[in-house]
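For reference, the chains in residue letters:
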Amino acid sequence: QVQLVESGGGLVQAGGSMRLSCAASGSIFSINAMAWFRQAPGKERELVARITSGGSTNYADSVKGRFTISRDNAKNTVNLQMNSLKPEDTALYYCNAAIRPIVTMTPNNYWGQGTQVTVSS
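Thresholds, definitions, all that
Residues numbered from 1 in each chain as written. Predicted model: local features only at pLDDT ≥ 70, side-chain atom pairs only at ≥ 80, totals over all residues. Heavy atoms only, no water. Pairing = 2+ DSSP bridges. Helix = DSSP H or I, 4+ residues; strand = E, 2+ residues; numbered from the N terminus. Axes fitted to C-alpha atoms, helices over the stretch in contact; angles between N-to-C directions. Buried < 20%, exposed > 50% of the residue type's maximum accessible area, 1.4 Å probe, protein only. Lys, Arg positive; Asp, Glu negative; His and termini not counted. Salt bridge = Lys/Arg side-chain N within 4 Å of Asp/Glu carboxyl O. Contact = heavy atoms within 4.5 Å. Disulfide = S-S within 2.5 Å.

> Can you explain the sheet that holds strand β3 (residues 18-25)? Please cite residues and give values.
Read across the open sheet, the four strands follow the order β1-β3-β8-β7; overall the sheet is antiparallel. Unpaired on one side and paired on the other, β1 (3-7) and β7 (67-72) mark the two borders of the sheet. Within this sheet the neighbouring strands show an average axis-to-axis angle of 15°, counted without direction.

> Can you explain the side chain of E6? Please cite residues and give values.
Position of E6 relative to the elements: it lies in strand β1. This buried residue, E6, is left without a salt bridge; R45 holds the nearest opposite charge, at 7.9 Å. Aside from chain neighbours lying at most four places away, what touches E6 is S21, C22, W36, Y93, Y94, C95, G112, Q113, G114 and T115.

> Would you mind going over the state of the cysteines in detail, with residue names and values included?
Within the structure shown, the criterion is met by one disulfide. Between the sulfur of C22 and that of C95 lies a disulfide, 2.1 Å long from S to S. One disulfide, between C22 and C95, carries an S-S torsion of -80° and so falls in the left-handed class. Here C22, found in strand β3, pairs with C95, found in strand β9 (residues 91-101); they are 73 residues apart in sequence, far enough to count as distant. You can call C22 buried: its relative accessible area is 1%. C95 gets classed as buried once you look at its relative accessible area, which sits at 0%.

See below:
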């Protein structure tokens, strides 16, 4: 059974920083891209940042220059360093990964349970 578990959310003041982490566990053969999405109340889920297994990254325009995504392929983890946080960054943040499990060897899209980030003004 493959699962993603996020950690690191909470409450922070505007201008502050926060680091989110996500660990993939289970019978994993390989992981392709890993990403962070977010969903604010009343809004659709949106891509925040994405990183390939080779380290290529892309970011939503709204977070460029403030957020940094990184991963540790040996540990099957992905992190999101968030700096200069703004109230509009408040959302439920989800970890996402394209994983090929050992059991099926069929690539699938997996999601974490989400971690709340609240930025106060």
